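# Tertiary structure, described
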Amino acid sequence: MSTLSWRHSLRTAVAIGAALAVVSLASARLAAQEVVDAPHPVPVVTEATGAALDVGLAAVVTQDYDWFDARRNRAVPVRLYLPAQPAGTRVQPLVVFSHGIGGSRRGYSYLGGYWASRGYASLHVQHVGSDRSLWSGNVFNLVARLHGAAQADEAIARVHDLRFALDQVLDLPEVGQRIDPARIVAAGHSYGANTVMLAVGARVERNGGVLDLVDRRLGAAILLSSPPFYGETDTARILADIPVPTLHITATEDIIRLPGYYSGAEDRIAVYEAMSGGRKILAVFAGGSHSMFTDRSGTGGVALNPQVKAATRELSAAFIEAVFGGGDVALRDWPVRHNAIVARFAASGS
(Lines give C-alpha, C1' and ligand atoms only; values in the text may rest on other atoms or scores of the structure.)
Protein backbone atom coordinates (compact mmCIF):
# COMPACT_ATOMS: atom_id res chain seq x y z
CA MET A 1 0.00 0.00 0.00
CA SER A 2 1.54 3.31 -1.04
CA THR A 3 1.81 6.24 1.30
CA LEU A 4 -1.48 8.10 1.27
CA SER A 5 -2.61 11.41 2.53
CA TRP A 6 -4.39 11.36 5.88
CA ARG A 7 -7.72 12.38 4.46
CA HIS A 8 -7.62 9.91 1.59
CA SER A 9 -6.43 6.91 3.56
CA LEU A 10 -9.08 7.15 6.25
CA ARG A 11 -11.97 8.98 4.67
CA THR A 12 -12.07 6.98 1.46
CA ALA A 13 -10.39 3.76 2.53
CA VAL A 14 -12.42 3.24 5.67
CA ALA A 15 -15.42 5.41 6.27
CA ILE A 16 -17.00 6.49 2.99
CA GLY A 17 -17.29 2.97 1.65
CA ALA A 18 -19.09 1.90 4.80
CA ALA A 19 -21.31 4.97 4.82
CA LEU A 20 -22.38 4.44 1.24
CA ALA A 21 -23.04 0.83 2.07
CA VAL A 22 -25.97 1.89 4.21
CA VAL A 23 -27.31 4.70 2.04
CA SER A 24 -28.65 2.13 -0.40
CA LEU A 25 -30.77 0.58 2.32
CA ALA A 26 -32.84 3.66 2.93
CA SER A 27 -34.41 4.31 -0.51
CA ALA A 28 -37.57 6.43 -0.60
CA ARG A 29 -38.45 5.99 3.08
CA LEU A 30 -35.29 7.27 4.71
CA ALA A 31 -36.95 10.05 6.64
CA ALA A 32 -39.52 7.78 8.21
CA GLN A 33 -37.72 4.49 8.71
CA GLU A 34 -34.59 3.72 10.69
CA VAL A 35 -32.41 1.09 9.14
CA VAL A 36 -31.11 -0.42 12.34
CA ASP A 37 -33.72 0.14 15.00
CA ALA A 38 -36.87 -1.05 13.27
CA PRO A 39 -38.96 -3.66 15.13
CA HIS A 40 -38.18 -7.34 14.80
CA PRO A 41 -39.75 -10.55 16.13
CA VAL A 42 -37.26 -11.59 18.85
CA PRO A 43 -36.13 -10.47 21.30
CA VAL A 44 -38.01 -7.28 22.14
CA VAL A 45 -35.98 -4.89 24.27
CA THR A 46 -37.61 -2.06 26.16
CA GLU A 47 -36.14 1.41 26.55
CA ALA A 48 -36.26 1.30 30.35
CA THR A 49 -32.93 0.74 32.03
CA GLY A 50 -32.60 -2.42 34.02
CA ALA A 51 -35.38 -4.02 31.97
CA ALA A 52 -35.58 -7.81 31.92
CA LEU A 53 -36.44 -9.81 28.84
CA ASP A 54 -36.84 -13.45 27.97
CA VAL A 55 -35.19 -14.68 24.77
CA GLY A 56 -36.32 -18.25 25.23
CA LEU A 57 -33.11 -19.54 26.80
CA ALA A 58 -32.49 -17.56 29.96
CA ALA A 59 -33.54 -14.26 31.45
CA VAL A 60 -31.51 -11.24 30.41
CA VAL A 61 -31.15 -7.82 32.00
CA THR A 62 -30.44 -4.67 29.99
CA GLN A 63 -28.95 -1.49 31.37
CA ASP A 64 -28.40 1.81 29.53
CA TYR A 65 -25.50 4.09 30.45
CA ASP A 66 -24.95 7.60 29.14
CA TRP A 67 -21.21 7.86 29.44
CA PHE A 68 -19.18 10.90 28.45
CA ASP A 69 -15.54 10.96 27.40
CA ALA A 70 -14.34 14.30 28.74
CA ARG A 71 -10.97 13.96 27.06
CA ARG A 72 -12.63 13.94 23.63
CA ASN A 73 -15.71 15.95 24.62
CA ARG A 74 -17.86 13.17 23.19
CA ALA A 75 -20.88 11.31 24.50
CA VAL A 76 -20.70 7.51 24.40
CA PRO A 77 -24.14 6.02 25.12
CA VAL A 78 -24.22 2.25 25.54
CA ARG A 79 -26.62 -0.57 26.22
CA LEU A 80 -25.34 -3.47 28.29
CA TYR A 81 -26.92 -6.92 28.16
CA LEU A 82 -26.19 -9.24 31.07
CA PRO A 83 -27.40 -12.66 32.17
CA ALA A 84 -29.96 -12.21 34.93
CA GLN A 85 -27.96 -13.80 37.71
CA PRO A 86 -26.49 -12.63 41.00
CA ALA A 87 -23.40 -10.47 40.58
CA GLY A 88 -20.14 -12.32 41.02
CA THR A 89 -21.54 -15.80 40.41
CA ARG A 90 -19.33 -16.39 37.38
CA VAL A 91 -16.80 -14.66 35.17
CA GLN A 92 -18.08 -14.29 31.63
CA PRO A 93 -16.84 -13.28 28.18
CA LEU A 94 -17.75 -9.87 26.78
CA VAL A 95 -18.83 -8.90 23.27
CA VAL A 96 -18.46 -5.20 22.44
CA PHE A 97 -20.60 -4.24 19.42
CA SER A 98 -20.30 -1.41 16.88
CA HIS A 99 -23.43 -0.52 14.87
CA GLY A 100 -23.69 0.44 11.22
CA ILE A 101 -24.08 4.05 10.18
CA GLY A 102 -27.40 5.47 11.36
CA GLY A 103 -27.74 2.95 14.18
CA SER A 104 -27.86 3.18 17.94
CA ARG A 105 -27.28 1.22 21.13
CA ARG A 106 -30.79 -0.20 20.72
CA GLY A 107 -29.92 -1.94 17.48
CA TYR A 108 -28.91 -5.58 16.93
CA SER A 109 -30.77 -6.60 20.06
CA TYR A 110 -31.41 -10.02 18.53
CA LEU A 111 -27.69 -10.59 19.03
CA GLY A 112 -27.18 -8.80 22.34
CA GLY A 113 -30.10 -10.55 24.00
CA TYR A 114 -29.03 -13.94 22.70
CA TRP A 115 -25.41 -13.60 23.75
CA ALA A 116 -26.48 -12.60 27.25
CA SER A 117 -28.85 -15.56 27.40
CA ARG A 118 -25.85 -17.76 26.67
CA GLY A 119 -23.92 -16.35 29.60
CA TYR A 120 -21.96 -13.56 27.89
CA ALA A 121 -22.04 -9.84 28.59
CA SER A 122 -22.79 -7.77 25.49
CA LEU A 123 -22.00 -4.05 25.27
CA HIS A 124 -23.59 -2.13 22.38
CA VAL A 125 -21.91 1.21 21.76
CA GLN A 126 -23.65 4.17 20.13
CA HIS A 127 -21.39 6.32 17.94
CA VAL A 128 -22.87 9.81 18.23
CA GLY A 129 -21.17 11.15 15.10
CA SER A 130 -22.73 8.50 12.88
CA ASP A 131 -25.80 7.32 14.76
CA ARG A 132 -29.59 7.37 14.30
CA SER A 133 -29.72 11.18 14.44
CA LEU A 134 -28.57 11.15 10.81
CA TRP A 135 -32.05 10.04 9.74
CA SER A 136 -33.65 13.18 11.24
CA GLY A 137 -34.11 16.34 9.22
CA ASN A 138 -34.68 17.09 5.56
CA VAL A 139 -34.54 13.90 3.50
CA PHE A 140 -32.97 15.81 0.61
CA ASN A 141 -29.97 16.57 2.79
CA LEU A 142 -29.55 12.98 3.89
CA VAL A 143 -26.67 12.12 1.58
CA ALA A 144 -24.80 15.22 2.74
CA ARG A 145 -25.35 14.20 6.37
CA LEU A 146 -24.08 10.70 5.68
CA HIS A 147 -21.01 12.04 3.92
CA GLY A 148 -20.49 14.34 6.87
CA ALA A 149 -20.51 11.32 9.16
CA ALA A 150 -18.06 9.49 6.89
CA GLN A 151 -15.07 11.67 7.65
CA ALA A 152 -11.65 10.64 8.86
CA ASP A 153 -12.25 12.04 12.34
CA GLU A 154 -15.44 10.01 12.79
CA ALA A 155 -13.81 6.79 11.58
CA ILE A 156 -11.12 7.22 14.23
CA ALA A 157 -13.58 8.40 16.89
CA ARG A 158 -15.57 5.19 16.52
CA VAL A 159 -12.54 3.12 17.44
CA HIS A 160 -11.89 5.34 20.44
CA ASP A 161 -15.58 4.95 21.41
CA LEU A 162 -15.03 1.19 21.64
CA ARG A 163 -11.89 1.64 23.70
CA PHE A 164 -13.54 4.12 26.07
CA ALA A 165 -16.67 2.00 26.51
CA LEU A 166 -14.53 -1.04 27.26
CA ASP A 167 -12.59 0.92 29.89
CA GLN A 168 -15.83 2.06 31.49
CA VAL A 169 -17.58 -1.29 31.63
CA LEU A 170 -14.55 -3.01 33.14
CA ASP A 171 -14.54 -0.37 35.87
CA LEU A 172 -18.26 -0.63 36.67
CA PRO A 173 -18.92 -1.76 40.26
CA GLU A 174 -20.23 -5.33 40.39
CA VAL A 175 -20.25 -5.55 36.57
CA GLY A 176 -16.56 -5.35 35.80
CA GLN A 177 -15.79 -8.20 38.17
CA ARG A 178 -18.17 -10.43 36.21
CA ILE A 179 -16.23 -9.92 32.96
CA ASP A 180 -13.16 -11.90 32.03
CA PRO A 181 -10.67 -9.40 30.51
CA ALA A 182 -8.96 -12.28 28.72
CA ARG A 183 -12.14 -13.17 26.80
CA ILE A 184 -13.29 -10.07 24.93
CA VAL A 185 -14.67 -10.13 21.38
CA ALA A 186 -15.39 -7.15 19.10
CA ALA A 187 -18.32 -7.39 16.69
CA GLY A 188 -19.84 -5.01 14.17
CA HIS A 189 -22.02 -4.65 11.10
CA SER A 190 -21.10 -2.70 7.94
CA TYR A 191 -19.49 0.56 9.12
CA GLY A 192 -19.21 -1.15 12.49
CA ALA A 193 -17.29 -4.02 10.88
CA ASN A 194 -14.81 -1.49 9.49
CA THR A 195 -14.52 -0.02 12.98
CA VAL A 196 -13.78 -3.44 14.42
CA MET A 197 -11.16 -4.20 11.77
CA LEU A 198 -9.31 -1.03 12.70
CA ALA A 199 -9.53 -1.97 16.37
CA VAL A 200 -8.01 -5.42 15.81
CA GLY A 201 -5.18 -4.47 13.48
CA ALA A 202 -6.12 -3.19 10.02
CA ARG A 203 -3.14 -1.19 8.72
CA VAL A 204 -3.87 2.37 7.63
CA GLU A 205 -0.94 4.51 6.53
CA ARG A 206 -0.47 8.20 7.20
CA ASN A 207 2.49 10.06 5.75
CA GLY A 208 4.55 6.91 5.49
CA GLY A 209 3.61 5.58 8.94
CA VAL A 210 0.95 3.19 10.13
CA LEU A 211 -1.68 4.59 12.45
CA ASP A 212 -1.98 2.41 15.55
CA LEU A 213 -5.63 2.01 16.59
CA VAL A 214 -5.28 -1.53 17.90
CA ASP A 215 -6.87 -2.46 21.20
CA ARG A 216 -4.97 -5.52 22.29
CA ARG A 217 -7.64 -6.55 24.77
CA LEU A 218 -9.73 -7.75 21.83
CA GLY A 219 -9.18 -11.46 21.33
CA ALA A 220 -11.44 -12.09 18.31
CA ALA A 221 -13.70 -10.31 15.82
CA ILE A 222 -17.17 -10.99 14.38
CA LEU A 223 -17.63 -9.12 11.09
CA LEU A 224 -21.11 -8.84 9.60
CA SER A 225 -21.26 -7.61 5.99
CA SER A 226 -17.81 -6.03 6.00
CA PRO A 227 -17.36 -3.40 3.27
CA PRO A 228 -13.89 -3.29 1.73
CA PHE A 229 -11.57 -0.35 2.17
CA TYR A 230 -13.11 1.93 -0.43
CA GLY A 231 -10.82 3.09 -3.22
CA GLU A 232 -8.02 0.66 -2.32
CA THR A 233 -6.99 -2.27 -4.48
CA ASP A 234 -4.52 -3.97 -2.13
CA THR A 235 -6.94 -5.21 0.50
CA ALA A 236 -4.52 -7.93 1.58
CA ARG A 237 -1.84 -5.39 2.46
CA ILE A 238 -4.30 -3.62 4.77
CA LEU A 239 -5.75 -6.70 6.46
CA ALA A 240 -3.09 -9.39 6.31
CA ASP A 241 -1.57 -8.62 9.69
CA ILE A 242 -4.77 -8.92 11.72
CA PRO A 243 -3.72 -11.63 14.19
CA VAL A 244 -6.97 -12.47 15.99
CA PRO A 245 -9.51 -15.10 14.90
CA THR A 246 -12.26 -13.63 12.72
CA LEU A 247 -15.77 -14.73 11.82
CA HIS A 248 -17.14 -13.30 8.56
CA ILE A 249 -20.89 -13.47 7.89
CA THR A 250 -22.54 -12.32 4.67
CA ALA A 251 -25.03 -13.44 2.00
CA THR A 252 -25.02 -13.97 -1.75
CA GLU A 253 -27.29 -10.93 -2.17
CA ASP A 254 -25.40 -8.75 0.31
CA ILE A 255 -25.20 -6.08 -2.41
CA ILE A 256 -24.88 -2.32 -2.09
CA ARG A 257 -26.19 -0.14 -4.91
CA LEU A 258 -26.57 3.60 -5.29
CA PRO A 259 -25.66 6.20 -7.91
CA GLY A 260 -21.90 6.25 -8.31
CA TYR A 261 -21.24 3.35 -5.96
CA TYR A 262 -21.59 -0.41 -6.18
CA SER A 263 -20.31 -3.09 -3.85
CA GLY A 264 -21.17 -6.67 -4.62
CA ALA A 265 -21.24 -9.62 -2.28
CA GLU A 266 -17.85 -10.60 -3.68
CA ASP A 267 -16.38 -7.67 -1.77
CA ARG A 268 -17.29 -9.32 1.54
CA ILE A 269 -15.51 -12.45 0.33
CA ALA A 270 -12.47 -10.38 -0.62
CA VAL A 271 -12.22 -9.07 2.94
CA TYR A 272 -12.29 -12.63 4.24
CA GLU A 273 -9.67 -13.83 1.77
CA ALA A 274 -7.38 -10.86 2.50
CA MET A 275 -6.90 -11.87 6.12
CA SER A 276 -4.05 -14.31 6.57
CA GLY A 277 -2.76 -13.60 10.05
CA GLY A 278 -5.10 -15.75 12.14
CA ARG A 279 -7.86 -18.31 12.16
CA LYS A 280 -10.82 -17.25 10.04
CA ILE A 281 -14.29 -18.57 9.26
CA LEU A 282 -16.69 -17.55 6.49
CA ALA A 283 -20.43 -18.16 6.35
CA VAL A 284 -22.41 -17.07 3.29
CA PHE A 285 -26.19 -17.31 3.36
CA ALA A 286 -28.12 -17.96 0.15
CA GLY A 287 -30.09 -14.88 -0.90
CA GLY A 288 -30.74 -12.23 1.70
CA SER A 289 -29.67 -8.57 1.70
CA HIS A 290 -27.21 -6.18 3.33
CA SER A 291 -29.75 -5.01 5.92
CA MET A 292 -30.86 -8.52 6.83
CA PHE A 293 -28.33 -8.54 9.68
CA THR A 294 -29.89 -5.51 11.39
CA ASP A 295 -32.98 -5.74 13.60
CA ARG A 296 -35.23 -5.05 10.63
CA SER A 297 -37.69 -7.85 9.93
CA GLY A 298 -38.54 -9.00 6.41
CA THR A 299 -35.50 -7.59 4.61
CA GLY A 300 -33.85 -10.27 2.52
CA GLY A 301 -37.04 -12.30 2.54
CA VAL A 302 -39.88 -12.66 5.02
CA ALA A 303 -39.14 -16.34 5.58
CA LEU A 304 -35.37 -16.14 5.27
CA ASN A 305 -34.84 -13.15 7.58
CA PRO A 306 -35.69 -14.87 10.90
CA GLN A 307 -33.87 -18.03 9.83
CA VAL A 308 -30.70 -16.07 9.13
CA LYS A 309 -30.96 -14.21 12.43
CA ALA A 310 -31.31 -17.48 14.32
CA ALA A 311 -28.43 -19.07 12.42
CA THR A 312 -26.24 -15.98 12.90
CA ARG A 313 -26.84 -16.02 16.65
CA GLU A 314 -25.98 -19.69 16.83
CA LEU A 315 -22.84 -19.38 14.70
CA SER A 316 -21.51 -16.39 16.63
CA ALA A 317 -21.93 -18.24 19.93
CA ALA A 318 -20.23 -21.34 18.53
CA PHE A 319 -17.35 -19.16 17.31
CA ILE A 320 -16.92 -17.48 20.70
CA GLU A 321 -16.99 -20.85 22.41
CA ALA A 322 -14.33 -22.25 20.06
CA VAL A 323 -12.07 -19.19 20.30
CA PHE A 324 -11.98 -19.34 24.09
CA GLY A 325 -11.31 -23.02 24.43
CA GLY A 326 -14.82 -24.44 24.61
CA GLY A 327 -14.34 -26.83 21.70
CA ASP A 328 -15.24 -26.88 18.00
CA VAL A 329 -18.17 -29.31 18.06
CA ALA A 330 -20.90 -26.67 17.68
CA LEU A 331 -18.86 -24.87 15.02
CA ARG A 332 -18.37 -28.04 12.98
CA ASP A 333 -22.05 -28.98 13.27
CA TRP A 334 -23.37 -25.54 12.29
CA PRO A 335 -23.14 -25.79 8.46
CA VAL A 336 -24.90 -29.15 8.55
CA ARG A 337 -27.68 -27.84 10.76
CA HIS A 338 -28.26 -24.86 8.47
CA ASN A 339 -27.48 -26.46 5.14
CA ALA A 340 -30.79 -25.33 3.63
CA ILE A 341 -29.89 -21.64 3.86
CA VAL A 342 -26.08 -21.70 3.64
CA ALA A 343 -24.44 -21.20 0.24
CA ARG A 344 -20.85 -21.49 1.46
CA PHE A 345 -18.96 -22.27 4.64
CA ALA A 346 -15.20 -22.11 4.84
CA ALA A 347 -12.56 -22.15 7.53
CA SER A 348 -8.81 -21.80 7.58
CA GLY A 349 -6.02 -21.38 10.10
CA SER A 350 -5.53 -23.12 13.40
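For the structure itself, consult the block above.
Position numbers for residues count from 1 along each chain, tracking the sequence in the order it is written. With the structure being a predicted model, the display of local features is reserved for residues of pLDDT at least 70 and the display and counting of side-chain atom pairs for 80 or more, all residues being used for whole-chain, interface and lining totals. Note that water and hydrogens are dropped before the side-chain values are worked out from all heavy atoms of the structure.

### Thoughts on empty space enclosed by the protein
Spelled out, the test is: Detection works on a 1 Å grid of protein atoms alone, calling trapped sets that fit a 1.4 Å probe cavities and calling open sets with protein on both sides within 12 Å along at least five of seven lines pockets, with lining residues defined by an atom within 4 Å of a point. Grid points are joined across faces, edges and corners, and a volume is the space filled by probe spheres set on the points. Each helix is a run of DSSP H or I of at least 4 residues and each strand a run of E of at least 2, with the numbering of both proceeding from the N terminus. Each residue is assigned to one of three groups, with Ala, Val, Leu, Ile, Met, Phe, Trp, Tyr, Cys and Pro labelled nonpolar, Asp, Glu, Lys and Arg labelled charged, and all others, Gly among them, labelled polar.
All chains considered together, the criterion is met by one cavity of 30 Å³ or more. Taken as a whole, the largest cavity spans an internal volume of roughly 30 Å³. As for the largest cavity, its lining consists of Leu-223, Ser-225, Ser-226, His-248, Ile-249, Thr-250, Arg-268 and Leu-282. At three residues, strand E10 (residues 246–251) tops the list of elements feeding residues into the lining of the largest cavity. Here the residues of the lining of the largest cavity are counted per class, giving three nonpolar, four polar and one charged.

### Some thoughts on the nonpolar core
We apply this condition: By nonpolar core we mean a set of buried residues, namely Ala, Val, Leu, Ile, Met, Phe, Trp, Tyr and Cys, connected to one another through side-chain atoms within 4.5 Å. Working definition: with a 1.4 Å probe on protein chains only, accessible area under 20% of the residue-type maximum means buried, over 50% means exposed, and in between means partly exposed. Should any heavy atoms of two residues lie within 4.5 Å, those residues are considered in contact.
Core analysis: the biggest nonpolar cluster contains 42 residues, and Leu-123, Val-169, Met-197 and Leu-239 have the highest contact counts within it. Examining the composition of this core, we find that seven residues originate from one element, helix H4 (residues 152–171), more than from any other. The residues contacting Leu-123, other than those within four sequence positions of it, are Trp-67, Val-78, Arg-79, Leu-80, Leu-94, Val-95, Val-96, Phe-97, Ala-165, Leu-166 and Val-169. Formed by 34 residues, the second largest nonpolar core is a distinct cluster that contains Ile-281, Phe-285, Phe-293 and Phe-319.

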